[in-house]
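This is what each chain is made of:
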Amino acid sequence: MTLDAVLVVAAALFSVGLYGALSQQVVVMVMMGLELMLNGVILAAGAIWWFLAPDPTGQVLLLVVIAAMTVEMAMGFAVATLLHRSRGADMTDMAADLSR
Amino acid sequence: MIESVAFWALGVLAVAAGIAVFRVDSMARATYALAVSFVAVGAALLLVDLHYVGIITVLMMIMEMAIMAVYMIMFMGMNPALMPMSMVHDHRQAVVAAVGGFVLLAGGALLVPWPTRRGAPAADTTAALGEAIMGSKMLVMMTISPVMVATIVAGVVLAAPRGRYERFGDDLRRRPADDPQPGGVGR
């Protein structure tokens, strides 16, 4: 188990999440892609903490990443609820008003 | 040696479950595949002595995915497990971006001459984290706390079907409130 190996696995997780965030049409599936990207970030940050500088500061940074993930999910669910309530939309393509 | 085998098993499981999220037809299965991916990453964190963060990741993500499964069933009018259909757009560009991103990140991870480890981990990493967030890093937690409260308020405001403007009018002066079901004692 080396830093390189963990970072390659984290890169794979991040890339799979990137694919999902870019390709999925359902809003909640897009959020799943974002979650998967953050999953890779958590793994990479944990490995860098352990292999390079195992100081408590790194653990605090990881807690911040996890908190950011929680905020993203909570706001994402709220926006998904609002979209569904106001226009019956569950697809990103149905909420593309700002893309034009 | 055992640590390496365990890490690779967890790593492969995490990535395979991540891929399964976007391959399975059922939304509920996709949610639980994502939960498996998070549990594998949480277990991998335990291998590098991140006990607190690893357990938090596992517990939080299991709860979050359970909520997500409910959302999936709430918002998806049909059952995709019975009616498999493609729910993707820009598939080709997304694959190119994902593969390009992986090559870039993995190439960087393998080619960068990483420095040697600086310092040694504390004997009890969880106790060290506790002392950090209650001591020198308290400002971080004090910043996260109001952000979390603001998230709760914003989430309720966004998701609530009726707010005070629906009840009391645009100038908030309408009395009695326009409620679908009048409550109170009739005053």
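Residues numbered from 1 in each chain as written. Chains lettered and ligands numbered in written order. Predicted model: local features only at pLDDT ≥ 70, side-chain atom pairs only at ≥ 80, totals over all residues.

Engineer: I'd like a rundown of the overall build of chain A, residues and numbers included.
Structural biologist: Of the regular secondary structure elements, chain A holds three helices and zero strands. Sequence-ordered secondary structure for chain A, helices as α and strands as β, is α-α-α. By the compact-globule yardstick of 13 Å for 100 residues, chain A is too spread out, its C-alpha radius of gyration being 16 Å. Its C-alpha atoms give chain A principal-axis dimensions of roughly 50 × 25 × 20 Å. (Helix = DSSP H or I, 4+ residues; strand = E, 2+ residues; numbered from the N terminus. Rg over C-alpha atoms; globule rule 2.2 N^0.38 Å.)

Engineer: For the packing of helix 2 (residues 27-52) of chain A against helix 3 (residues 56-87) of chain A, give the residues involved together with the corresponding values.
Structural biologist: Residue and element names in this part refer to chain A. Packing of helix 2 against helix 3 leaves a shortest axis separation of 10 Å and a crossing angle of 180 degrees. Classified by the angle between their axes, helix 2 and helix 3 sit roughly antiparallel to one another. Facing Val27, Val28, Met31, Leu34, Glu35, Leu38, Val41, Ile42, Ala45, Gly46 and Trp49 of helix 2, the residues of helix 3 in contact are Gly58, Gln59, Leu61, Leu62, Val65, Ile66, Met69, Glu72, Met73, Gly76, Ala80 and Leu83. Among the residues making up the contact of helix 2 with helix 3, the classes are represented as 17 nonpolar, four polar and two charged. (Axes fitted to C-alpha atoms, helices over the stretch in contact; angles between N-to-C directions. Parallel < 35°, antiparallel > 145°, perpendicular 65-115°, else oblique. Contact = placed C-beta atoms within 7 Å. Nonpolar A, V, L, I, M, F, W, Y, C, P; charged D, E, K, R; others polar.)

Engineer: An account of the domain arrangement of chain B is needed here, citing residue identities and associated values.
Structural biologist: The assigned domain composition of chain B is domain 1 (1-81) and domain 2 (126-178). When each unit is reduced to the centre of its C-alpha atoms, the spacing between domain 1 of chain B and domain 2 of chain B is 28 Å. (Domains from an automatic or database assignment.)

Engineer: Let's hear about the packing of helix 1 (residues 3-23) of chain A against helix 4 (residues 91-111) of chain B: which residues, and what values?
Structural biologist: Where helix 1 of chain A meets helix 4 of chain B, the axes come as close as 8 Å, and the angle between the chain directions of the two elements is 160 degrees. With respect to helix 4 of chain B, the element helix 1 of chain A is oriented roughly antiparallel. Two packed elements cross with a definite hand, and for helix 1 of chain A against helix 4 of chain B that hand is right-handed. For the pair helix 1 of chain A and helix 4 of chain B, contact is made by A:Asp4, A:Leu7, A:Val8, A:Ala11, A:Ala12, A:Phe14, A:Ser15, A:Val16, A:Leu18, A:Tyr19, A:Leu22 and A:Ser23 and by B:His91, B:Gln93, B:Ala94, B:Val95, B:Ala97, B:Ala98, B:Gly101, B:Phe102, B:Leu105, B:Ala106, B:Ala109 and B:Leu110, respectively. (Left-handed = near helix turned anticlockwise from the far one by under 90°.)

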